[in-house]
Amino acid sequence: MQSMAASCSSVSSSRTWAAARRSPAPPSRPSSRHVAFLCSQSSSSSSSPSSSHGCRWPVAGAGAPVLPLDIRGGLRPLPSPLLAPGVAAVRTRAAAATGKPEGAGRISRTLQLGTMILVWYLLNIYFNIYNKLVLKAIPFPYTITTFHFASGSFFITLMWLLNLHPKPRLSLKQYAKLLPLALIHMLGNVFTNMSLGKVAVSFTHTIKAMEPFFSVLLSALFLGATPSLLVLGSLVPIVGGVVLASMTEVSFNWIGFWSAMASNLTNQSRNVYSKKILADKEDSLDDINLFSIITVMAFLLSAPLMLSVEGIKFSPSYLQNAGVNVKELSVRAALAGTCFYFYQQVSYSLLARVSPVTHSVANSLKRVVVIVSSVLFFRTPISPINALGTGVALAGVFLYSQFKKLKPKTGCMKTTT
């Protein structure tokens, strides 16, 4: 047995040999607790015990030698007399870290993110189409916004009642901390609906492509962040493209234009505040509960605003007098409200899983998809110069996303509407 041990140790690594020298010497007569070694030159022919060419260990899991055990014929890892415990532990961790499950996990995560982005796009397309149809029938943005938040509050309450997601337990101080965020969230959606009610969907999203401009402006004013020259340069085609598209827009309207601009400002303010709260461990809020709470709070804030500004407009008697098909409008409004909640929830969940640059690039592509889809569905007339301006603005947004990679991450992530 000692001759076999000498043969196998001749092909062991220097690290193992050093560990063997530091470990206690094995007893002269090995018992059943000690390790047996198998030496063979090949699977088809046997060799002498002193041969060192085919020496191998029966390995289990992390590389520790094993012995066949009892009548079950199983294998159980046993402590090796040639490996110090620390070396074996290191090898165990290294094997676990380089195993195949890690690669499978990366593939699974990529598929998950890709599915989330696809769902985000589809829900956004359907929301803009159905929402525009509703706003054409009843041009009351405060009422529509309140209905959207009411739809979201319904799904959120259902989620908590069915224990699909743990309900958060917050103090009054924490609710007060979230109140400004809910107010900004509510105003951002009001301004978006005001713009969609006045101008074409494609033009609203062309203006909303200026979000990077407001992001840089707010970061410089309130965070003291100095943008690089490349980032500033990418803002030139964004602003220039929006101006060019606005000059040639058939449905141009100043209320629609400034409402979209105001939505950019409020949404970017919400982005910074949302990320700050998500990063605060004291609040212990995940992305789902944060969005859920500010949605419910936004509904409670928008209801009195709707009553004071527009009154009760979404009533069967009013709609019939206005010559609106109540059943058709109700279905479209319900679909718009459902898509509104779920696309924003997916956006928030995606926000917590990817970098700001990845989210910004995905959002740039989303704008292209929404603009093209709305133009095809509503058959919006677009002149060549208008299309050029829209394309230049979206190209500037993409460049902005790429140039942000060259700067250190500031920890701020983006959400969009």
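This write-up is about the structure you can find in this document. These numbers were taken from a predicted model, which means no experiment stands behind them.

## Re the overall build of the chain
Each helix and strand in the chain was counted, giving 15 helices and five strands. Residues counted as buried form 43% of the 417 residues belonging to the chain. In the chain, of all internal contacts separated by at least 6 residues, the share reaching a separation of at least 24 is 83%. Here the chain has roughly 21800 Å² of accessible surface; of this, 66% comes from carbon and sulfur atoms.

## Some details on the packing of aromatic side chains
For any pair of aromatic rings, the description rests on two quantities: the centre-to-centre distance and the angle between the ring planes. By the definition in use, this model includes 19 aromatic pairs. With 5.8 Å between their ring centres and 10° between their planes, F155 and Y341 make a pair best called stacked. Of the two residues, F155 sits in helix α5 (residues 141–161) while Y341 sits in helix α13 (residues 326–351), which places them 186 residues apart along the sequence. An angle of 85° between the planes, with centres 4.9 Å apart, marks the rings of F252 and W254 as edge-to-face. Take W254: its relative accessible area is 54%, and that puts it in the exposed class. Feature note: the residues F154, F155, F291, Y341 and F342 constitute an aromatic cluster, connected by ring pairs.

## Notes on the environment of M306
The residue M306 is located in helix α11 (residues 287–309) in this model. Residue classification places M306 among the buried residues on the basis of a relative accessible area of 13%. C-alpha of M306 to C-alpha of P141: the two residues are 165 residues apart in sequence and 8.7 Å apart in space. Those residues in contact with M306 that lie beyond four places of it in its chain are Y142, T143, T146 and G311.

## Remarks on the nonpolar core
Core analysis: the largest hydrophobic core is formed by 20 residues, its most contacted members being I207, M210, I238, M261 and Y400. Contributing elements (two or more residues each) for this core: α7 (201–207), α8 (211–223), α9 (229–247), α10 (254–279), α14 (356–378) and α15 (384–403). Once residues lying within four places of it in the same chain are set aside, the contact partners of I207 are V242, G256, F257, A260, M261 and N264. Counting residues in hydrophobic clusters, the runner-up holds 17 residues, among them M116, F127, V190 and V346.

## Comments concerning the pattern of salt bridges
In the structure shown here, the tally under the stated rule is two salt bridges. Across the pair R367 and E211 runs a salt bridge whose closest N-O atoms are separated by 3.3 Å. Of the two residues, R367 is situated in helix α14 and E211 in helix α8; the sequence distance between them amounts to 156 residues. In this structure, R367 and E211 share a single accessibility class: buried. In this structure, E328 and R332 form a salt bridge, with 3.7 Å as the shortest nitrogen-oxygen distance. In this pair, E328 and R332 both sit in helix α13, four residues apart, roughly one turn of the helix. Of the residues examined, E328 reaches a relative accessible area of 40% and is grouped as partly exposed.

## A short note on the environment of G311
Along the polypeptide, G311 turns up in the loop between α11 and α12 (316–321). Separated by 171 residues in sequence, G311 and F140 have C-alpha atoms that sit 9.8 Å apart. Excluding residues within four positions of it along the chain, G311 makes contact with T143 and M306.

## Things to note about unusual backbone geometry
Residues other than glycine seldom take positive phi values, yet N163 does so here, at roughly 55°. One can find N163 in the loop between α5 and α6 (172–198). Phi at R379 is positive, roughly 55°, even though this residue is not glycine.

## Quick look at the packing of α5 against α11
It is the contact of α5 with α11, at a shortest axis distance of 8 Å, that shows an interaxial angle of 145°. Taken as a pair, α5 and α11 cross one another with a handedness that is left-handed.

## Side note on a nonpolar patch on the surface
On the surface, a nonpolar cluster with roughly 560 Å² of combined accessible area is contributed by F154, L158, L161, L162 and L164. Mapped onto the elements, F154 comes out in helix α5. For F154, a relative accessible area of 51% gives the class exposed.

Rules of the game
Residues numbered from 1 in each chain as written. Predicted model: local features only at pLDDT ≥ 70, side-chain atom pairs only at ≥ 80, totals over all residues. Heavy atoms only, no water. Helix = DSSP H or I, 4+ residues; strand = E, 2+ residues; numbered from the N terminus. Buried < 20%, exposed > 50% of the residue type's maximum accessible area, 1.4 Å probe, protein only. Contact = heavy atoms within 4.5 Å. Areas by Shrake-Rupley, 256 points an atom, 1.4 Å probe, with all protein chains shown as cover. Phe/Tyr/Trp six-rings, centres within 6.5 Å; stacked < 30°, edge-to-face > 60°. Core = buried A, V, L, I, M, F, W, Y, C linked by side-chain atoms within 4.5 Å. Salt bridge = Lys/Arg side-chain N within 4 Å of Asp/Glu carboxyl O. Axes fitted to C-alpha atoms, helices over the stretch in contact; angles between N-to-C directions. Left-handed = near helix turned anticlockwise from the far one by under 90°. Patch = residues over 30% accessible without salt bridge, like charges linked within 9 Å, V, L, I, M, F, W, Y side chains within 5 Å.

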